[in-house]
Structures are given as structure tokens and as C-alpha cells.
Amino acid sequence: VIIPPFEIDFKKAIKIINEKGYKRILLQIPEGLKNHFTKFVEHVEKETGAIVNISADPCYGACDIANSDIEKLKIDFVIQIGHAPFPFIKNYIVPTAFVNAIVNLDVSKVIEKAIPILSGNKVGLVSTAQHIHLLNKVNNILLENNIEAFIGKGDRRIEKKGQIIGCNFSAATDISDSIDMFLFLGDGVFHPLGLKLSTKKPVVICNPYTNEVQKSELDDIKDMILRQRYGAIARSKDARIFGIIVGSKLGQQRIDLAYEIKDKLDSCQKESYILISNNFNPANLEGFRNIDCLVSTACPRIAIDDYMQYNTPIITPVELDIVLGSKKWDDYRFDEILNP
Ligand code: SF4
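As a starting point, this report considers the structure included with it. (Residues numbered from 1 in each chain as written. Predicted model: local features only at pLDDT ≥ 70, side-chain atom pairs only at ≥ 80, totals over all residues. Heavy atoms only, no water.)

**A word on the environment of isoleucine 102**
Consideration 1: Position of isoleucine 102 among the secondary structure elements: in strand β7 (residues 101–103).
Consideration 2: Put simply, isoleucine 102 and leucine 218 are 116 residues apart on the chain and 25 Å apart in space, counted from C-alpha to C-alpha.
Consideration 3: Leave out the neighbours within four places in its chain, and isoleucine 102 touches Pro5, Phe6, Glu7, Gln130 and His133. (Helix = DSSP H or I, 4+ residues; strand = E, 2+ residues; numbered from the N terminus. Contact = heavy atoms within 4.5 Å.)

Printed below as a string of C-alpha cells:
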């Protein structure tokens, strides 16, 4: 199915459905593609004769794995669009196929534009699931220009070499000591920002949609986010009652970390409660008015991206250590879910 600029290839998923004779399918669609649901349903139903149901829950990442609820609805098979699977998850309650939404763009213009900034340096290449297949092309262009490029493997949360996700930059940290700077192929600032905060290396953003190359702009955004995080930490210093957020999605569960945090808070004579939910948002937490500070062990993006939406300061586990004085602001790093 082609929804410009995305190409979504259902062939493998359709083959499995037909071979296994699956009759009831659940489709998980990322937010940006949800309004095209009719095209996906039509295509899969036509090729398989199965009934395709649509998950109306948000689907932000490969961590959003449909769980035991759907087994009771007699769903035989799940198709999740737009994300690469987590290799560490071997068994799904209901068999699941991940169907990437790739973008095929000519990267030569934007990379050639970046070459003057890159030359003389050793460069680490990273991207997101949508553009990861283009990294070899980027590598070849750099080689032709005598620029040495490195692509990291990443840990057990990373399927494709060079892939970074909002909660895991291991494909970058793997090679960080061998390189001078990173080239991020893609759009948006969240991933390059996490990359910069995780590796402390300069990042050049090559946007293949606009052919723009950005470097210094990211420093301004980094400073703005760090100011915001500093504010959140300062607002949490006098907190008495803490809520520790635990995501129940299979790819987000950090319950052991939550218990560790609770122990730390106990030893500092702070009251704390563990809050578990499949989908955290400000409305779900509105009723917990006497909580002074939320510590998120769920998706690291909640504290960073959605900070302004919460009335209560929401911080990451690393930031809590700074609040409690066991780490210094200079030790600040981005929260990641590593090697599960
Ligand atoms: S935990 Fe957050 S950043 Fe990681 S895959 Fe899930 S939605 Fe993406």
C-alpha cells in the first residue's frame, strides 16, 4: 500500500495469514497513518479473506504490543504497522507481524550538502525505522568522498543496524568512542536530541524530505530542553509524595526499577506510590492531586515530550537521583530502556 511518502509492504504478513488460515486480524496503526485505515483494511481483507479489526488504542512504538485482552476477543493474528520489532521479545501472546512503513527518497543531495561539515571526521550513521534502509546508500556516498563511516549494532531492543528509537540509542553509544560526530538521517528533533544527550557528540541532521542540513539549531533546542528539565528537577526538590509511573506495555515494563526507586525514596523518608497503566496521559493522572512529583519509568518520552501537559512535575529516574542528591546536574543523561 502506498501512502506518499510511505510504502507499506504487507506481503509477508499476508503470506503468514494465508498459510496459517488466520481469520481474525487486529491492525495496530501509528497515529500519523490512522486516517488511512480503510486502505489497509481493504488490502488485507482482499488478499486474505480474513476480518480485519482496528485497534483504537495509541500505537507509539514497538513497545505497544497488543496483550492478553485480544486473545479473549479471539484475535488470531496482529499486524503492527510502522515499527521494527524488539528482538528480545521472542513470544507474543497472539502471533504478531511488524510491517515497516518505509520512505524511499533520494538521499544524495542532502548528503552532498553535509559533506563539507563532515569531511576530516569519522562519522557515525544513525536513523529511524522509516529510513534505515537508506543508510547503506549514505555510507557509499561518504566512502566516495573519503569519509569513514561507522554503523553500530545496538542492543537487544534494536532490530536493524544503525537504528535509534526514542528510548534506546545503543546503536549510537556502541560506536561513540570511535567517531567524531553523528549523522542522523531523518526528520524531527526528538531522536537527534536524544542522540546528542546520550552520546554528548555533535549531531548533523540530514533531512531527506527538505534536503536541509542542520547542526547548530539542535544546540538551541538542547539548551531549551535542558532548561526545562532543570526546572522540573528544581520543582521536585520539596516534593513529599511521589508517584512512580510503571508502563504495563510489554516493551515498557520496568517494575524492578520502580521498586528500586521506591526503596530510594523510603530511605530519604519520602512517601511514594507505584502507579501502573497501559497508557499514561494527564487525564488518567488528574485524580491523584496529592502527588507532588511523578517519576516515570514508562516511555522516556512522556517526561520530555509531554512535560507541559502535566500540572505535577514529571521527571525521569536519572533526574530523581539529581533531586535526591545522589547524582549531580553535570551527570545528566537521557533516560533509556537498555538491554531488557
Ligand atoms: S517506550 Fe517510547 S520511545 Fe520506546 S518504543 Fe515505546 S513509544 Fe517508542
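**Observations concerning the sheet that holds strand β11 (residues 203–207)**
Strand pairing in a sheet relies on backbone hydrogen bonds, with the paired strands running either antiparallel or parallel.
Consideration 1: With respect to topology, five strands assemble into an open sheet ordered β9-β8-β10-β11-β12, the strand pairing being mixed. Both outer strands of the open sheet, β9 (149–150) and β12 (212–214), are each paired with one neighbouring strand and no more.
Consideration 2: Examined bridge by bridge, strand β10 (residues 181–185) and β11 share four bridges and lie parallel to one another. Counterpart to leucine 183 in the pairing with β11 is valine 204.
Consideration 3: Docked against the sheet, helix α5 (residues 135–144) engages β8 (123–127), β9 and β10, running at close to 155° with respect to β8.
Consideration 4: Relative to β10, helix α7 (residues 190–199) is tilted by about 160°, and along the sheet it contacts β8, β10 and β11. (Pairing = 2+ DSSP bridges. Axes fitted to C-alpha atoms, helices over the stretch in contact; angles between N-to-C directions.)

**Side note on the environment of aspartate 187**
Consideration 1: Along the polypeptide, aspartate 187 turns up in the loop between β10 and α7.
Consideration 2: C-alpha of aspartate 187 to C-alpha of isoleucine 205: the two residues are 18 residues apart in sequence and 7.7 Å apart in space.
Consideration 3: When near neighbours in sequence (up to four residues on either side) are disregarded, aspartate 187 contacts His131, Asn207 and Tyr209.

**With respect to the sheet that holds strand β1 (residues 2–3)**
Consideration 1: Strand order across the open sheet formed by three strands is β1-β2-β7, with antiparallel pairing between neighbours. Whereas interior strands pair on both sides, the edge strands pair on one side only; in this sheet they are β1 and β7.
Consideration 2: Strand direction decides the pairing type here: β1 and strand β2 (residues 6–8), joined by two bridges, are antiparallel. The partner of isoleucine 2 across the bridge, within β2, is glutamate 7.

**Side note on the pairing of strand β5 (residues 77–81)**
Consideration 1: Along β5, five of the five residues are buried, which leaves the element largely enclosed by surrounding structure.
Consideration 2: Of the two faces of β5, the one carrying Phe77, Ile79 and Ile81 and the one carrying Val78 and Gln80 are both buried.
Consideration 3: Relative to β5, strand β3 (residues 24–28) runs parallel, the two being bridged by four bridges. Bridge pairing in β5 links isoleucine 25 to phenylalanine 77.
Consideration 4: Of the strand pairs in this sheet, β5 and strand β6 (residues 96–99) are connected by four bridges, and their pairing is parallel. Residue pairing for β6: valine 78 is matched across the bridge by threonine 96. (Buried < 20%, exposed > 50% of the residue type's maximum accessible area, 1.4 Å probe, protein only.)

**Describing a negative patch on the surface**
Consideration 1: On the surface, Glu212, Glu217, Asp220 and Asp223 cluster together into a patch of negative charge.
Consideration 2: When residues of the negative patch are assigned to their parent elements, the largest contribution, three residues, is made by helix α8 (residues 216–236).
Consideration 3: Along the chain, glutamate 217 turns up in helix α8. (Patch = residues over 30% accessible without salt bridge, like charges linked within 9 Å, V, L, I, M, F, W, Y side chains within 5 Å. Areas by Shrake-Rupley, 256 points an atom, 1.4 Å probe, with all protein chains shown as cover. Salt bridge = Lys/Arg side-chain N within 4 Å of Asp/Glu carboxyl O. Lys, Arg positive; Asp, Glu negative; His and termini not counted. Charge placed at Lys NZ, Arg CZ, Asp CG, Glu CD.)

**A short note on the pattern of salt bridges**
Consideration 1: Taken as a whole, this structure holds 13 salt bridges when the rule is applied.
Consideration 2: The residue lysine 160 makes a salt bridge to glutamate 159 at a minimum N-O spacing of 3.3 Å.
Consideration 3: Glutamate 159 sits in the partly exposed class, given a relative accessible area of 38%.
Consideration 4: Between aspartate 335 and arginine 254 there is a salt bridge; the shortest N-O distance is 2.8 Å. Linking aspartate 335 in the segment after α12 (317–323) with arginine 254 in the loop between β13 (241–247) and α9 (255–267), this pair joins segments that are 81 residues apart in sequence. Taken as a pair, aspartate 335 and arginine 254 share a single burial class, namely buried.
Consideration 5: When salt bridges that share partners are traced, they join Lys264, Asp321 and Lys327 into one network.

**Quick notes on helix α1 (residues 11–20)**
Consideration 1: Along α1, the positions that sit buried rather than exposed are Ala13, Ile14 and Ile17. Looking straight down α1, one finds that the buried residues subtend no more than 100° of arc, so they occupy a single side. Residues of α1 that are exposed and point over 90 degrees away from its buried face: Lys11, Lys12, Lys15, Glu19 and Lys20.
Consideration 2: In the segment just after α1, glycine 21 is the residue with positive phi, at about 70°. (Arc of directions from axis to C-beta.)

**Description of the packing of aromatic side chains**
Consideration 1: All told, the structure shown has eight aromatic pairs when counted by the stated rule.
Consideration 2: Ring centres of phenylalanine 10 and phenylalanine 40 lie 5.9 Å apart, and the angle between their planes is 55°; on these two criteria the pair is classed as tilted. Taken as a pair, phenylalanine 10 in the loop between β2 and α1 and phenylalanine 40 in helix α2 (residues 37–48) lie far apart in primary sequence, 30 residues in all. The residues phenylalanine 10 and phenylalanine 40 share a single accessibility class, namely buried.
Consideration 3: Ring centres of tryptophan 329 and tyrosine 332 lie 5.0 Å apart, and the angle between their planes is 50°; this geometry places the pair in the tilted category.
Consideration 4: Taken together, Phe169, Phe190 and Phe334 form an aromatic cluster joined through their ring pairs.
Consideration 5: Taking the ring centre of phenylalanine 86 as reference, the NZ or CZ of arginine 157 above it sits at 4.2 Å.
Consideration 6: Seen from the ring of tyrosine 307, arginine 229 lies directly overhead, with NZ or CZ sitting 5.1 Å from the centre. (Phe/Tyr/Trp six-rings, centres within 6.5 Å; stacked < 30°, edge-to-face > 60°. Lys NZ or Arg CZ within 6 Å of the ring centre and 35° of its normal.)

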